[in-house]
Amino acid sequence: MSLLETIFRQILNGLQSGSIYALVALGYSMVYGIITLLNFAHGDIIMVGAYLAWLAMARLALNPIFAVLVAVLGCTILGMAIEKVAYKPLRGSPRISLLITAIGVSYFLENAAQMIFGASSQSIPAIIKLRAITLGGVQIPGTALVTLLTAGASMAVLTILVNHTRMGRAMRAVSEDTGAAQLMGVNISTTISFTFALGSALAGIGSVLYSCAYPQANPTMGAMLGLKAFVAAVLGGIGSLPGAMVGGFAIGLAEAFVSAVGLSAWKDGVVFAILIVVLLVRPTGLLGKPMHEKV
Amino acid sequence: MKTKRNRIPTLLGYAINLALFAAFLILGDGLIQSGAISKYYSKVVMLIGINVILAVSLNVATGYLGQLPLGHAGFMAVGAYASAIFMTRTALPASPAFPIGILIGGAVAAAFGIIIGIPALRLRGDYLAIITLGFGEIIRVVLLNIDDVLGFTLTNGAAGLQNIPKATTFLNTFVCVGLTCFLIHTMMKSRHGRAILALRDNEIAADSCGINATYYKTLGFTASAFFAGVAGALYAGYIGILNPGGFGFMKSIEILVMVVLGGMGSMVGSVLSATVLTAVPELLRAFAGYRMIVYALLLIVVMIFKPSGLMGTYDFSLSRLLGKLFYGSSRKKQGKAGDAR
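Calculation rules
- Residues numbered from 1 in each chain as written.
- Chains lettered and ligands numbered in written order.
- Predicted model: local features only at pLDDT ≥ 70, side-chain atom pairs only at ≥ 80, totals over all residues.
- Heavy atoms only, no water.
- Helix = DSSP H or I, 4+ residues; strand = E, 2+ residues; numbered from the N terminus.
- Rg over C-alpha atoms; globule rule 2.2 N^0.38 Å.
- Buried < 20%, exposed > 50% of the residue type's maximum accessible area, 1.4 Å probe, protein only.
- Areas by Shrake-Rupley, 256 points an atom, 1.4 Å probe, with all protein chains shown as cover.
- Lys, Arg positive; Asp, Glu negative; His and termini not counted.
- Charge placed at Lys NZ, Arg CZ, Asp CG, Glu CD.
- Contact = heavy atoms within 4.5 Å.
- 1 Å grid on protein atoms, 1.4 Å probe; cavity = no way out; pocket = protein on both sides within 12 Å on 5 of 7 lines; lining within 4 Å.
- Points joined across faces, edges and corners; volume = space filled by probe spheres on them.
- Nonpolar A, V, L, I, M, F, W, Y, C, P; charged D, E, K, R; others polar.
- Axes fitted to C-alpha atoms, helices over the stretch in contact; angles between N-to-C directions.
- Parallel < 35°, antiparallel > 145°, perpendicular 65-115°, else oblique.
- Patch = residues over 30% accessible without salt bridge, like charges linked within 9 Å, V, L, I, M, F, W, Y side chains within 5 Å.
- Salt bridge = Lys/Arg side-chain N within 4 Å of Asp/Glu carboxyl O.
- Buried area = accessible area lost by both parts, 1.4 Å probe.
- Polar contact = N/O pair within 3.5 Å; in protein donor to acceptor, adjacent residues only side chain to side chain.
- Phe/Tyr/Trp six-rings, centres within 6.5 Å; stacked < 30°, edge-to-face > 60°.
- Expected span 1.5 Å × (residues − 1).

Draft legend 1. Structural view of the overall build of chain A. Counting secondary structure elements, chain A contains 11 helices and 4 strands. In terms of overall dimensions, chain A is globule-like: its C-alpha atoms have a radius of gyration of 19 Å, near the 19 Å expected for 295 residues. Overall, the C-alpha framework of chain A stretches about 60 × 45 × 35 Å when taken along its three principal axes. Each of the 295 residues in chain A was classed as buried or not, and the buried ones make up 51%. Accessible area for chain A stands at about 12,900 Å²; split by element, carbon and sulfur atoms hold 67% of it. Side chains of chain A give 16 positive and 9 negative charges; the mean places of these two sets differ by 8 Å.

Here is the structure:
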């Protein structure tokens, strides 16, 4: 394999995992933007999505398309349920309580999954059966192609939704100033629910795409994926949607290159080192707005 | 300025506490030596001691400093590895070597606390939580892979360190527990401790009163890391085998659960909840599978219904109790008069 081909392949790998990170990071960013909560449970929603896909395909023998629907819908409902049960009663309490609750929810989902499905991994049947495409002498695997296209389409839809619909405007208003938005007649509860639903749906799509790339489901798969997606969100500037996309791709590419130079054991370390450097040099991230503290 | 006494003299208070603690040590040690407490239960008791140190030390950073570090297991890992490496290589016999090992564990963890604290404490709230989480994970990755870089065996990668001398006993564990509680207690009652509490309550106000925020935050954070390292060293001598997998994010959360449940800012709360949360699962081994789920639900339920934890910021004080007994309970009135002056 020529050097150029290797580089191209690694870029493709990076973009594939990067687009998954970006989808998940969008969920983190939206939720943070609207209620300034680091939703630790977000990564575990992906885990639940992967298990749902596995249940639908391996156990119920459903068509892959239905399996995808089940996973995405399940994630959406789960996300909204978590918000209603765990986060809503805490609206107005200190941020640290909210954060600890989120950690509790994440912990709960992981351990519940472990009890129900066992600690070992379940292998998910192939969801996408698409042959590789040869483009200018380089093979592009079907899953990579589908992942990139799906992620791109989801992001486009999200951007339109946030920028050009009534609900999107309400979301932006609430994240700008919750109190003022409420006075202008925006229903805060509905908007927050909608944000969680949207974020969780993206996580559901992310979980399906992740299952295509790594066809296994285990109870702790969401933790590391979620943390890395979170790093992506911070890197791009938390609260900023384009930032989350850029951050996701950046983290994916960085990981691919670290692996390519033979340091894959340090992959996780490098991701967190990027996080620390970003937080120290530019805490608001690449595209984030600076925040000022008021007395 | 003469106020009527409502407390027993400080020194007497310390003497009584010390006497009671010594009695507890002698009693406990006697029971274990004579075999009245089985080997299994004495192991559980030692684990309780280690977890008490972990919870009390994390409480310094969460309860007193008001931050939320999520990498406490990282400091514990550093302390455990530092002391284990020393213990496996030293030529000294175990009894003089172990205290040195514990101090080394604590000192190395404290050094990491400074290195991590100075940059991390520039950030607040969520960002601090995340950056400490990142550092905790980096420590784990480094412990896993450092041997490839160094070219010789230091941490032994994923297989971990083995044959660490099992030097932890009931006596040295609980001496460490007592020292930890005492040192943290006296630190928090001193002007340094008051500065730390002031920073927690209102950083901007404290800053404008001339409290050096960076210094005191780093101080609190480093103290927290030091005692986590001590607990790690004890843990290494307790378990005999170390591998990086045991010091992940989950371990940090387990310690956090103890602190949050007991009440952030209450030492007695940390001690009680660490004791209960260690003892109950050990005694109910049959339900081990449910333990984590119960932990998680407890965390959520406590946050929703009693966010200050079971004890809030209440701290038990024997001196205060004795003072009430001897001088009557007119404490409240006098307290107010004292404040006005």
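Draft legend 2. Main features of the overall build of chain B. Counting secondary structure elements, chain B contains 14 helices and 0 strands. In chain B, the order of α-helices and β-strands from amino to carboxyl end is α-α-α-α-α-α-α-α-α-α-α-α-α-α. At 21 Å, chain B has a C-alpha radius of gyration in line with the 20 Å of a compact globule built from 341 residues. When its C-alpha atoms are laid out on the principal axes, chain B stretches across 65 × 55 × 40 Å. Counting only contacts in chain B whose residues sit at least 6 apart along the sequence, the fraction spanning at least 24 positions is 81%. Charged side chains of chain B number 27 positive and 12 negative; the gap between the two group centres comes to 14 Å.

Draft legend 3. Representation of the layout of surface pockets within the structure. Residues and elements named next belong to chain B. The volume enclosed by the second largest pocket comes to roughly 1,800 Å³. Looking at the second largest pocket, it is lined by 42 residues, and the ones nearest its centre are N17, C181, H185, M267 and F316. Among the secondary structure elements, those contributing two or more residues to the lining of the second largest pocket are α1 (10–34), α2 (39–64), α6 (170–189), α7 (191–201), α11 (267–283) and α13 (318–327). For the lining of the second largest pocket, the class distribution of residues is 25 nonpolar, 10 polar and 7 charged.

Draft legend 4. Spotlight on the packing of α2(B) against helix α10 (residues 249–262) of chain B. Residues and elements named next belong to chain B. Contact pair α2 / α10: the axes reach a minimum separation of 9 Å and the direction vectors enclose 80 degrees. The pairing of α2 with α10 is recorded here as roughly perpendicular in orientation. For the pair α2 and α10, the contacting residues are N51, L54, A55, L58, N59 and T62 in the first and K251, I255, L256, M258 and V259 in the second.

Draft legend 5. Focus on a nonpolar patch on the surface. Residues and elements named next belong to chain B. On the surface, a cluster of nonpolar side chains totalling about 630 Å² of accessible area is made up of L11, Y14, L171, V175, L179, F182 and L183. Among the elements of the structure, α1 and α6 are those that each provide at least two residues to the nonpolar patch. When residues in the nonpolar patch are grouped by element, the largest group, 5 residues, is from α6. Position of Y14 among the secondary structure elements: in helix α1. Of the residues examined, Y14 reaches a relative accessible area of 34% and is grouped as partly exposed.

Draft legend 6. Structural context of the interface of chain A and chain B. Contacts between chain A and chain B engage 42 residues on the former and 44 residues on the latter. Overall, the association of chain A and chain B removes approximately 3,700 Å² of surface from exposure, summing both partners, and the carbon and sulfur fraction of that is 81%. Taken together, the connections running from chain A to chain B amount to 0 salt bridges. Between the two partners, chain A and chain B, sit 0 residue pairs in polar contact (both at pLDDT 80 or more). Elements supplying a minimum of two residues to the side of chain A that touches chain B: α3 (64–87), α4 (95–117), α9 (221–236) and α11 (267–281) of chain A.

Draft legend 7. Region of the structure containing the packing of aromatic side chains. The final tally for this structure, using the stated rule, is 18 aromatic pairs over all chains. Between A:Y210 and A:Y214, the ring centres sit 4.9 Å apart and the planes meet at 45 degrees, which makes this aromatic pair tilted. A centroid spacing of 5.1 Å and a plane angle of 85 degrees characterise the contact between B:F226 and B:F227, whose relative ring orientation is edge-to-face. Classification of B:F226 by relative accessible area gives partly exposed; the value is 23%.

Draft legend 8. Representation of helix α3 (residues 72–89) of chain B within the structure. Here α3(B) contains 18 residues, and its C-alpha end-to-end distance of 26 Å stays within 8% of the 26 Å for a straight helix at 1.5 Å per residue. Along α3(B), 15 of the 18 residues are buried, which leaves the element largely enclosed by surrounding structure.

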